[in-house]
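# Fold and contact review
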Amino acid sequence: GVLYGGQFRAPPGSSQEELDARLLPDLVYLDLHDLSLSTPPMRGTAPVGRHSHSATLTDKGRVLVFGGVVGPASVSDVLVIGAGGNEWIRPVVHGKPPPARHSHAALRLDDRSVAVAGGTD
């Protein structure tokens, strides 16, 4: 399994700066056989930490990450974790992207399409 991003819970009354510092940019692997965690060395430019994004496994073993919350705002960027699991890729996306959102659902429809629905902007 692959774990990416998230946020430590902040104490009530935390400032936006304190909340931003709690965003996790980490990519962690969970070995499903022995339940051990590891942090792989990654190539490419790592994205900033985020939470409430979607991560969808594609047919080629890549993971498509969309949207989420970065700082105080929702984002609409697309990131890919390469099939080997050790590379960040920022693909060129054609067409009109969906509006920025978080807390949404994403589902692979076929080998070329991922549907994104719901969520909050």
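Given the structure is predicted, the values throughout are model-derived calculations rather than measurements. (Residues numbered from 1 in each chain as written. Predicted model: local features only at pLDDT ≥ 70, side-chain atom pairs only at ≥ 80, totals over all residues. Heavy atoms only, no water.)

## Let's talk about the overall build of the protein chain
Within the protein chain one finds one helix and 11 strands. For the protein chain, the sequential pattern of α-helices and β-strands runs β-α-β-β-β-β-β-β-β-β-β-β. Residues classed as buried in the protein chain amount to 30% of the 121 residues present. Summing over all exposed atoms, the protein chain offers an accessible surface of approximately 7700 Å²; the carbon and sulfur share of this is 56%. (Helix = DSSP H or I, 4+ residues; strand = E, 2+ residues; numbered from the N terminus. Buried < 20%, exposed > 50% of the residue type's maximum accessible area, 1.4 Å probe, protein only. Areas by Shrake-Rupley, 256 points an atom, 1.4 Å probe, with all protein chains shown as cover.)

## Comments concerning unusual backbone geometry
Apart from glycine, the bulk of residues carry a negative phi angle, and the bulk of peptide bonds sit in the trans form. The phi dihedral of leucine 35 falls on the positive side, at around 55°, and the residue is not glycine. Residue placement: leucine 35 occurs in the loop between strand 2 (27–30) and strand 3 (37–38). Taking the relative accessible area as the measure of exposure, leucine 35 reaches 61% and is therefore exposed. Phi is positive for serine 52, which is not a glycine, with a value near 65°. Structurally, serine 52 can be placed in the loop between strand 3 and strand 4 (54–57). Relative accessible area serves as the criterion here: at 29%, serine 52 is assigned to the partly exposed category.

## Comments concerning the confidence of the model for the protein chain
Predicted confidence across the protein chain gives a mean pLDDT of 85, with 88% of residues reaching 70 or more. For the protein chain, helix 1 (residues 16–20) is the element with the lowest average pLDDT, namely 68, and strand 10 (residues 105–108) is the one with the highest, namely 95. (pLDDT = per-residue confidence, 0-100.)

## What to know about the sheet that holds strand 8 (residues 78–81)
If you trace the four strands from one edge of the open sheet to the other, you get 4-5-8-9, paired in antiparallel fashion. Strands at the two margins of the open sheet, each flanked by one partner only, are strand 4 and strand 9 (88–89). As defined by bridge partners, strand 4 adjoins strand 5 (residues 63–66) across four bridges and the pair is classed as antiparallel. Bridging across to strand 5, threonine 56 finds its partner in leucine 64. (Pairing = 2+ DSSP bridges.)

## Considering the side chain of serine 54
With respect to the helices and strands, serine 54 occurs in strand 4. When its relative accessible area of 7% is taken as the criterion, serine 54 is described as buried. Within the local environment of serine 54, its side chain forms a polar contact with the side chain of histidine 104, the two groups lying 2.9 Å apart. If near-sequence neighbours (up to four positions away) are discounted, serine 54 is found in contact with Leu64, Val65, Phe66, His104 and Ala106. (Polar contact = N/O pair within 3.5 Å; in protein donor to acceptor, adjacent residues only side chain to side chain. Contact = heavy atoms within 4.5 Å.)

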